[in-house]
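# Coordinate inspection notes
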Amino acid sequence: MYVGRVIGALWASRKETTLTGMRMLMIRPLRARRDGGRDTLDESDQVIVAADPIGAGVGETVLVAMGRAARSVLGSQDLGWQVAVVAIVDAMSLGDLPPVAFDPDGRLVDYDALPGGPTAGTTR
Amino acid sequence: MLTGRVVGEVWASRRHETLGGLRLLIVDPHVVKDRATDPKTAALVVAADTVDAGIGDEVIVAYGRAGRSAIRRGHDIAVEAAVVGVIDDRSGPELG
């Protein structure tokens, strides 16, 4: 499973019949980076495609699962598909730092500094 | 399977129902230190905790059916990876 940021959607009208109606997103997985001796997050250069039954939007951080786990959330194991968004991430902790999240401009900021939303620790 | 270090945790309120109550850890996969780049090439891995691992612990992660077996909630769940062990000690090259 990966955490990643949604960078766009894609459409394919000519596709295998079990994929009809599937909403497809393009996602960049997050990777680790050291910044001044601390762990921080960065978007990898890889792009993966995932079905999205949850309703994530561009710019949101999502949790992505593969294989049977992905098809479980899509409602059938008999699909020609392997990857799905299984959750929309509110916040992530890194080490003992306060929870962080991406703001709409893609900057990693303190979650509690974002407008709206509950405190991260209450949403697990 | 892979080993890595727990660097954090994920919180999600909008999620598939089968994720409820699971603790989701962010694991930075091990690479051989003298080949490590910054930022790392490999993406971070998210795995459900089954052994009460903490931030900074070095852990073992299992995938697929093996990971779900460790979670003990059946196989029709939205989880594909689980932390199944905390490493006490290891030999071999330095890992980063």
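The text that follows walks through the structure, step by step, so that each part is easy to find. (Residues numbered from 1 in each chain as written. Chains lettered and ligands numbered in written order. Predicted model: local features only at pLDDT ≥ 70, side-chain atom pairs only at ≥ 80, totals over all residues.)

Let us look at the pairing of strand β5 (residues 58-63) of chain B. Residue and element names in this part refer to chain B. The sheet contact formed by strand β1 (residues 2-11) and β5 spans 4 bridges and is antiparallel. Bridging from a neighbouring strand, Arg5 pairs with Glu58 of β5. Here β5 pairs with strand β6 (residues 81-86) via 5 bridges, running antiparallel. Among the inter-strand pairings, Ala62 is bridged to a residue of β6, identified as Ala82. (Pairing = 2+ DSSP bridges. Helix = DSSP H or I, 4+ residues; strand = E, 2+ residues; numbered from the N terminus.)

Our focus in this paragraph is the nonpolar core. The biggest cluster of nonpolar side chains holds 61 residues, and the ones touching the most others in it are A:Leu63, A:Val64, B:Val46, B:Ala47 and B:Val79. Sorting elements by how many residues they give to this core places strand β6 (residues 83-88) of chain A first, with 5 residues. Apart from the residues lying within four places of it in its own chain, the contact partners of B:Ala47 are A:Met1, B:Leu25, B:Val27, B:Val61, B:Ala81, B:Ala82 and B:Val83. (Core = buried A, V, L, I, M, F, W, Y, C linked by C-beta atoms within 7 Å. Buried ≥ 20, exposed ≤ 12 C-beta atoms within 10 Å, placed from the backbone. Contact = placed C-beta atoms within 7 Å.)

Facing the 33 residues of chain B at the interface are 37 residues of chain A. Looking at the side of chain B that touches chain A, the elements with two or more residues in it are β1, β2 (14-15), β3 (24-29) and β4 (45-49) of chain B. Here the side of chain B that touches chain A takes 5 residues from β1(B), the largest share from any one element. A breakdown of the residues in the side of chain B that touches chain A according to their chemical character gives 18 nonpolar, 6 polar and 9 charged. Taken together, the 4 bridges between strand β7 (residues 91-94) of chain A and β1(B) define a ladder with antiparallel strand orientation. The residue of β1(B) that forms the bridge with A:Ser93 is B:Glu9. (Nonpolar A, V, L, I, M, F, W, Y, C, P; charged D, E, K, R; others polar.)

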